[in-house]
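# Fold and contact review
Listed here are the chains, written in short residue letters.
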Amino acid sequence: MSDMKATSIWTVGAMMLAATPIHAQVIVRPSSVIGAAIVSDIAASRQAQRDARQTPYATPGYGSIATAAAARDACSAKALYQAGSSAKLLGPAHASTMSTGWEVEGMIAAADGDIPFVCSVRNGSVSGVLLRK
(Lines give C-alpha, C1' and ligand atoms only; values in the text may rest on other atoms or scores of the structure.)
Protein backbone atom coordinates (compact mmCIF):
# COMPACT_ATOMS: atom_id res chain seq x y z
CA MET A 1 0.00 0.00 0.00
CA SER A 2 1.40 3.39 -0.87
CA ASP A 3 2.35 5.85 1.85
CA MET A 4 -0.15 8.43 0.61
CA LYS A 5 -2.99 5.90 0.55
CA ALA A 6 -2.19 4.70 4.08
CA THR A 7 -2.09 8.28 5.36
CA SER A 8 -5.42 9.10 3.73
CA ILE A 9 -7.05 5.97 5.20
CA TRP A 10 -5.86 6.95 8.69
CA THR A 11 -7.06 10.51 8.21
CA VAL A 12 -10.51 9.52 6.94
CA GLY A 13 -10.88 7.02 9.77
CA ALA A 14 -9.95 9.65 12.32
CA MET A 15 -12.37 12.16 10.90
CA MET A 16 -15.18 9.60 10.96
CA LEU A 17 -14.34 8.74 14.54
CA ALA A 18 -14.27 12.39 15.53
CA ALA A 19 -17.61 13.05 13.77
CA THR A 20 -19.55 10.24 15.48
CA PRO A 21 -21.01 10.85 18.94
CA ILE A 22 -19.11 9.03 21.64
CA HIS A 23 -20.73 8.52 25.02
CA ALA A 24 -17.48 8.34 26.92
CA GLN A 25 -15.27 11.35 27.49
CA VAL A 26 -12.82 10.55 24.69
CA ILE A 27 -11.42 13.48 22.77
CA VAL A 28 -9.78 12.71 19.46
CA ARG A 29 -7.82 15.55 17.96
CA PRO A 30 -7.27 15.36 14.19
CA SER A 31 -3.72 16.65 14.57
CA SER A 32 -2.75 13.73 16.84
CA VAL A 33 -4.32 11.23 14.44
CA ILE A 34 -2.49 12.73 11.47
CA GLY A 35 0.75 12.67 13.46
CA ALA A 36 0.19 8.99 14.27
CA ALA A 37 -0.44 8.24 10.59
CA ILE A 38 2.79 9.98 9.61
CA VAL A 39 4.76 8.06 12.23
CA SER A 40 3.17 4.82 10.99
CA ASP A 41 4.20 5.62 7.40
CA ILE A 42 7.76 6.39 8.48
CA ALA A 43 7.96 3.07 10.35
CA ALA A 44 6.65 1.18 7.30
CA SER A 45 9.19 2.89 5.03
CA ARG A 46 12.05 2.02 7.37
CA GLN A 47 10.89 -1.61 7.51
CA ALA A 48 10.82 -1.72 3.69
CA GLN A 49 14.38 -0.36 3.61
CA ARG A 50 15.53 -3.02 6.10
CA ASP A 51 13.86 -5.74 4.03
CA ALA A 52 15.54 -4.44 0.86
CA ARG A 53 18.97 -4.54 2.53
CA GLN A 54 18.41 -8.13 3.67
CA THR A 55 17.49 -9.37 0.17
CA PRO A 56 19.05 -6.90 -2.29
CA TYR A 57 18.59 -9.12 -5.34
CA ALA A 58 15.13 -10.45 -4.62
CA THR A 59 13.12 -11.09 -7.73
CA PRO A 60 9.68 -9.49 -7.40
CA GLY A 61 6.88 -11.92 -8.19
CA TYR A 62 9.04 -15.04 -8.10
CA GLY A 63 9.80 -15.35 -4.41
CA SER A 64 12.79 -17.44 -3.47
CA ILE A 65 13.94 -19.32 -6.57
CA ALA A 66 14.50 -22.94 -5.53
CA THR A 67 14.27 -24.96 -8.76
CA ALA A 68 15.85 -24.94 -12.21
CA ALA A 69 12.42 -24.34 -13.80
CA ALA A 70 11.83 -21.29 -11.59
CA ALA A 71 15.33 -20.02 -12.46
CA ARG A 72 14.60 -20.39 -16.21
CA ASP A 73 11.27 -18.57 -15.84
CA ALA A 74 12.67 -15.71 -13.76
CA CYS A 75 15.72 -15.20 -15.97
CA SER A 76 13.71 -15.39 -19.19
CA ALA A 77 11.26 -12.81 -17.88
CA LYS A 78 14.06 -10.43 -16.86
CA ALA A 79 15.90 -10.84 -20.16
CA LEU A 80 12.70 -10.22 -22.15
CA TYR A 81 12.00 -7.12 -20.07
CA GLN A 82 15.50 -5.78 -20.73
CA ALA A 83 15.32 -6.54 -24.46
CA GLY A 84 12.08 -4.59 -24.95
CA SER A 85 8.39 -5.15 -25.49
CA SER A 86 8.73 -6.63 -29.00
CA ALA A 87 11.25 -9.31 -27.90
CA LYS A 88 10.34 -13.01 -27.82
CA LEU A 89 12.06 -16.01 -26.34
CA LEU A 90 13.53 -18.38 -28.97
CA GLY A 91 13.12 -21.89 -27.62
CA PRO A 92 13.47 -22.84 -23.98
CA ALA A 93 16.28 -21.40 -21.89
CA HIS A 94 18.80 -23.88 -20.46
CA ALA A 95 19.65 -23.87 -16.74
CA SER A 96 22.82 -25.51 -15.43
CA THR A 97 23.59 -25.91 -11.73
CA MET A 98 26.30 -24.02 -9.87
CA SER A 99 27.37 -24.22 -6.24
CA THR A 100 25.08 -21.38 -5.11
CA GLY A 101 22.33 -21.54 -7.73
CA TRP A 102 21.95 -21.73 -11.50
CA GLU A 103 23.32 -20.23 -14.67
CA VAL A 104 20.65 -19.78 -17.33
CA GLU A 105 21.41 -19.33 -21.03
CA GLY A 106 18.95 -18.60 -23.80
CA MET A 107 18.22 -16.69 -26.98
CA ILE A 108 15.86 -13.77 -27.59
CA ALA A 109 14.48 -12.59 -30.93
CA ALA A 110 14.45 -8.80 -30.95
CA ALA A 111 13.76 -6.18 -33.61
CA ASP A 112 17.50 -5.78 -34.33
CA GLY A 113 18.27 -9.53 -34.52
CA ASP A 114 18.76 -12.51 -32.24
CA ILE A 115 20.36 -11.78 -28.88
CA PRO A 116 21.87 -14.45 -26.61
CA PHE A 117 21.57 -13.91 -22.86
CA VAL A 118 23.21 -15.27 -19.75
CA CYS A 119 21.66 -14.96 -16.31
CA SER A 120 22.80 -16.08 -12.88
CA VAL A 121 20.60 -17.07 -9.98
CA ARG A 122 22.39 -17.05 -6.67
CA ASN A 123 21.04 -17.72 -3.20
CA GLY A 124 17.44 -17.89 -4.43
CA SER A 125 17.25 -14.74 -6.55
CA VAL A 126 18.33 -13.35 -9.91
CA SER A 127 21.67 -11.63 -9.42
CA GLY A 128 22.31 -10.49 -12.97
CA VAL A 129 21.30 -10.70 -16.63
CA LEU A 130 23.69 -10.08 -19.50
CA LEU A 131 22.38 -9.50 -23.01
CA ARG A 132 25.15 -9.98 -25.57
CA LYS A 133 24.50 -7.57 -28.41
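In short, a report on the structure. (Residues numbered from 1 in each chain as written. Predicted model: local features only at pLDDT ≥ 70, side-chain atom pairs only at ≥ 80, totals over all residues. Heavy atoms only, no water.)

Now for the nonpolar core. Counting residues in hydrophobic clusters, the biggest one holds 19 residues, and the most contacted among them are Ile65, Val104, Phe117, Cys119, Val121 and Val126. Mapped by element, the contributors of at least two residues to this core are helix H3 (68-83), strand E1 (88-97), strand E2 (101-110), strand E3 (113-122) and strand E4 (125-131). (Core = buried A, V, L, I, M, F, W, Y, C linked by side-chain atoms within 4.5 Å. Buried < 20%, exposed > 50% of the residue type's maximum accessible area, 1.4 Å probe, protein only. Helix = DSSP H or I, 4+ residues; strand = E, 2+ residues; numbered from the N terminus.)

For the rest of this paragraph, the subject is the sheet that holds E2. Spatial strand order, E1-E2-E3-E4: 4 strands in an open sheet with antiparallel pairing. Lying at the two open borders of the sheet, with one neighbouring strand each, are E1 and E4. Each strand axis lies, on average, 20 degrees off the axis of its neighbour in the sheet, ignoring direction. In terms of strand pairing, E3 meets E4 through 6 bridges, oriented antiparallel. The partner of cysteine 119 across the bridge, within E4, is valine 129. Contacts from H3 reach E1, E2, E3 and E4, with the element oriented near 45 degrees to E4. (Pairing = 2+ DSSP bridges. Axes fitted to C-alpha atoms, helices over the stretch in contact; angles between N-to-C directions. Contact = heavy atoms within 4.5 Å.)

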